[in-house]
Amino acid sequence: MLIDAAQIEDGSTVEADLCIVGGGLAGLALASVFLDTDSTVVLLESGPLGEDPEADDLSEGTSTAHPSVPLSESAPRRLGGAAETWGAWCRPMEDIDFEARDWPWSGWPISAGELAPYFQKALEYLEMSDRGFTGRAWADGLPPLYRHIQDDTGLLVGVWQESPLAPVSERVAGGLKAAQNLDVHLGATALEIRTGPDGDRVIGIEAGTLNGKRFSVQARQYVLAGGTLGTVRLLLASRDRSEAGVGNEHGMVGRFFAEHPHIVAGRITLSRANGRPRFPAIDRGVGGTLARIEMERPKSGIRAGIYLGEDVRRREGLLNVIAHLRPPSVEPPRVALEFFRELRHKNLKKMLKGLPGLLRQFPEVVSVVYRRLLKRPRRLELYVQTETLPNPDSRVVLSDEKDRFGMPRAELQWHIGARDKEQVARTVELMGDELEAMGLGPLELEPWLSDPGEFWSSEPFGGLHLMGTTRMSVVPGEGVVDPTGRVHGVDNLWIVGPSVFPTYGAANPGMTIVATALRTAEQVAQVLAGPDLG
């Protein structure tokens, strides 16, 4: 059932078999495994159903390195978490993303084959088609330009499917309300993890509410699903047994933060002679407009991107980079993006709320539509989202600033440098060679990308795909959790979510978040089915 934590008795103790901290995509996926089982479950969600600025303020922090990341926007406090505002575009990581490659700290301690059954379960949980994620599988639904690329180059075409499980809370709230064995405490912020004398076992979670209540949760097993930032804050701020925090004996908590940079990497000057009759997306007239609309929003409800084959990436030692072709970017106002996202999700209430803002900026919206869809382009942009190298110095630490509970806020130090940029540049050059050979036109790298220094584009970028910080490892000194998701050295504490990713691929992380959470849920269920060793 759903419980307003503000109504809980101050100083009380809640008991359960399992305590889950965080009601975002990972926490809800894990909780789904325990619905209507014999295990009693308490889920602590810091926010309410829907938006609350006071709750969102708890995620505020500082970003002290380049590029910056809007922390509260990345981690909204509400049931569903970031999955309440995501685009719901899903794609699994590739086999090569799990392999050890030609740079330090690469690879997962589990293989793609081990995770494959859970990707299938994630597909079902996210209510998506089982056609797969390759361009070949969706050939009849690809925009024409991507069909040409697939047929006429050595590049691969991949697709994203849009999960209808968005907003997440609206799709799962009914099941949570009806659950007899699961209590979701809304507005309950986890403030401290308490451990036993040796620090190797959790004995309780201290929680608080915005109206000043305090209570504790005692359980047999505990799962942290507070996201890449929130989980780290809670671990580092829990200092009752060690100043280093919980699970941080080797100083690994908070390290290896990663994001997917989203950037314009190059521009293709279109070859009119053989490009115009061949590629509808660069035609004049109604046919060209319709083709450009389909590039933005394919009729089949998928999105397409291009990438290098695994053999090329292995030979060249390259990161995973996925690129999208589009007319020169003219970004629509944020209010328009939000309005049309709610239109896709058929959320009438939020559409009406955003309508006045859309009308105020309507001339700008019309200009964007003309320049991106109606006007015949002379060039196309290659817009990429890219993996970055694992970097232990890219990290989340606690700042001196505190939130209203007195809990230290997060300070993010995200570092991406020259080697990451070199890999993107080489990938884009290889893509450009293929696209020019098919007759599209020559590609020119963006000037900053061909510069040998460490400077990255100063434009705002990032997909709000926050990953790393409690990475998975076999050896305790190389990560925070073991291959099952259990915290090294703490018998009954587990972590799910993108923070456990050791490397990051280029796919949006949502589907991998669900797959790894479902895998860890099975491990937790097995432990709960055994004797209580506490």
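Bear in mind the structure is a predicted one, so any value in this text is a computation, not a measurement. (Residues numbered from 1 in each chain as written. Predicted model: local features only at pLDDT ≥ 70, side-chain atom pairs only at ≥ 80, totals over all residues. Heavy atoms only, no water.)

S.K.: Got a minute to help me understand the overall build of the protein chain in this structure?
M.R.: Tallying secondary structure elements over the protein chain gives 16 helices and 18 strands in all. The buried share of the protein chain, taken over its 534 residues, is 58%. Sequence-distant contacts, at least 24 apart, represent 76% of the contacts inside the protein chain between residues at least 6 apart. Carbon and sulfur atoms make up 51% of the accessible area of the protein chain, which totals about 21,400 Å². (Helix = DSSP H or I, 4+ residues; strand = E, 2+ residues; numbered from the N terminus. Buried < 20%, exposed > 50% of the residue type's maximum accessible area, 1.4 Å probe, protein only. Contact = heavy atoms within 4.5 Å. Areas by Shrake-Rupley, 256 points an atom, 1.4 Å probe, with all protein chains shown as cover.)

S.K.: Help me out: how do you make sense of the layout of surface pockets in this one?
M.R.: Picture a little ball the size of a water molecule; that probe, rolled over the atoms, points out where space is still empty. If you add up the space inside the second largest pocket, you get close to 320 Å³. Lining the second largest pocket are 22 residues, with Gly-199, Gly-247, Asn-248, Glu-249 and Val-490 positioned closest to its centre. Counted by class, the lining of the second largest pocket contains six nonpolar, 11 polar and five charged residues. (1 Å grid on protein atoms, 1.4 Å probe; cavity = no way out; pocket = protein on both sides within 12 Å on 5 of 7 lines; lining within 4 Å. Points joined across faces, edges and corners; volume = space filled by probe spheres on them. Nonpolar A, V, L, I, M, F, W, Y, C, P; charged D, E, K, R; others polar.)

S.K.: Sorry if this is basic, but what is going on with the side chain of Asp-420 here?
M.R.: Along the chain, the position of Asp-420 falls in helix α14 (residues 418-437). Apart from the residues within four sequence positions on either side, Asp-420 is in contact with Leu-319, Thr-388, Leu-389 and Trp-456.

S.K.: It is not clear to me how helix α7 (residues 227-237) should be interpreted in this structure. Could you clarify?
M.R.: In an α-helix, one full turn covers 3.6 residues, which means residues spaced three or four apart are oriented alike. In terms of residue burial, α7 counts as a mostly covered element, since nine of its 11 residues are buried. Those residues of α7 lying buried are Thr-228, Leu-229, Thr-231, Val-232, Arg-233, Leu-234, Leu-235, Leu-236 and Ala-237.

S.K.: Just to check I follow, could you spell out the pattern of salt bridges for this structure?
M.R.: Opposite charge on two side chains lets them pair, provided their charged atoms get close. As enumerated under the stated definition, the model contains 17 salt bridges in all. Residue Asp-57 is joined to Arg-409 by a salt bridge in which the shortest nitrogen-to-oxygen separation is 3.0 Å. Taken together, the residues span a long stretch of sequence, with Asp-57 in helix α2 (residues 53-57) and Arg-409 in strand β16 (residues 408-413) at a distance of 352 residues. By relative accessible area, which is 33% here, Asp-57 ends up partly exposed. For Glu-446, the salt bridge goes to Arg-267, with nearest N and O atoms at 2.7 Å. Here the residue Glu-446 occupies a position in the loop between β17 (443-445) and α15 (447-450), and Arg-267 occupies one in strand β11 (residues 262-269), the gap between them amounting to 179 residues. Each of Arg-267, Arg-326, Glu-381 and Glu-446 takes part in one network of salt bridges that share partners. (Salt bridge = Lys/Arg side-chain N within 4 Å of Asp/Glu carboxyl O.)

S.K.: How should I be thinking about helix α4 (residues 112-125) in this particular structure?
M.R.: For α4, with 14 residues, the first-to-last C-alpha span of 19 Å sits near the 20 Å given by 1.5 Å per residue. Along α4, the sharpest change in direction is near 25° and occurs at Tyr-118. Looking only at α4, the buried set comprises Ala-112, Leu-115, Tyr-118, Phe-119, Ala-122, Leu-123 and Tyr-125. Check the buried side of α4 and you find it contacts α1 (25-32), α6 (168-178) and α16 (510-529). (Expected span 1.5 Å × (residues − 1). Bend = angle between axes of the 7 residues up to and from the residue.)

S.K.: In this structure, what is going on with the sheet that holds strand β4 (residues 62-63)? I would like to understand it.
M.R.: Two strands in a sheet stick together by hydrogen bonds in their backbones, pointing the same way (parallel) or opposite ways (antiparallel). Taken in spatial order, the three strands line up as β4-β16-β15 in an open sheet, and their pairing is mixed. The sheet terminates laterally at β4 and β15 (395-402), the two strands that pair on one side only. As defined by bridge partners, β15 adjoins β16 across five bridges and the pair is classed as antiparallel. In the sheet register, Leu-398 faces β16, and the bridge partner there is Ala-410. (Pairing = 2+ DSSP bridges.)

S.K.: How should the packing of α4 against α16 be read in this particular structure?
M.R.: Helix packing for two helices is described by the angle between their axes and how far apart those axes are. Running from amino to carboxyl end, α4 crosses α16 at an angle of 110°, the nearest separation of the two axes being 8 Å. The angle between α4 and α16 places the two elements in the roughly perpendicular class. Classified by chirality, the crossing of α16 by α4 is right-handed. Here Glu-114, Leu-115, Tyr-118, Phe-119, Lys-121, Ala-122, Leu-123 and Tyr-125 of α4 lie close against α16, whose contacting residues are Met-511, Thr-512, Val-514, Ala-515, Thr-516, Leu-518, Arg-519 and Glu-522. (Axes fitted to C-alpha atoms, helices over the stretch in contact; angles between N-to-C directions. Parallel < 35°, antiparallel > 145°, perpendicular 65-115°, else oblique. Left-handed = near helix turned anticlockwise from the far one by under 90°.)

S.K.: Explain the packing of aromatic side chains to me, please; I cannot follow it from the model alone.
M.R.: Each aromatic ring pair is described using two quantities: the centre-to-centre distance and the angle formed by the ring planes. Applying the stated rule across the entire model yields five aromatic pairs. Between the aromatic rings of Trp-105 and Phe-256, the centroid separation amounts to 4.8 Å while the plane-to-plane angle is 65°, which identifies the pairing as edge-to-face. With Trp-105 in the loop between β5 (89-90) and α4 and Phe-256 in the loop between α7 and β11, this residue pair connects regions lying 151 residues apart in the sequence. Judged by relative accessible area, Trp-105 falls into the partly exposed class, the value being 33%. Aromatic pair Trp-448 and Trp-456: ring centres 5.6 Å apart, planes at 40°, arrangement tilted. A single burial state applies to Trp-448 and to Trp-456, both of which are buried. (Phe/Tyr/Trp six-rings, centres within 6.5 Å; stacked < 30°, edge-to-face > 60°.)

S.K.: What's the story with the nonpolar core in this structure? I'm lost.
M.R.: As a rule of thumb, nonpolar side chains are buried together in soluble globular proteins. The biggest cluster of nonpolar side chains holds 145 residues, and the ones touching the most others in it are Leu-44, Leu-126, Ile-149, Ile-306, Leu-325, Leu-382 and Leu-435. In terms of residue count, α16 provides more of this core than any other element does, nine residues in total. Each residue touching Ile-149, except ones within four places of it in the same chain, is listed here: Leu-155, Val-157, Ile-306, Leu-325, Leu-435 and Met-438. Membership of the second largest hydrophobic core comes to five residues, among which are Trp-89, Tyr-307, Ile-322 and Ala-506. (Core = buried A, V, L, I, M, F, W, Y, C linked by side-chain atoms within 4.5 Å.)

S.K.: Explain the pairing of strand β9 (residues 202-208) here, please?
M.R.: Successive residues of a regular strand alternate their side chains across the two faces of the sheet. Counting buried positions over the seven residues of β9 gives five, a clear majority of the element. As consecutive antiparallel partners, strand β8 (residues 189-195) and β9 are separated by six residues, and within that stretch Gly-199 has a phi angle of approximately 75°, a positive value. In this sheet, strand β10 (residues 214-224) lies alongside β9 in antiparallel orientation, the contact comprising four bridges. Across the sheet, the residue bridging to Gly-208 is Arg-214, located in β10. Linking two consecutive strands that pair antiparallel, namely β9 and β10, is a turn of five residues; a positive phi of about 95° is found at Gly-212 within it.

Shape is all these values report; function is a separate question.
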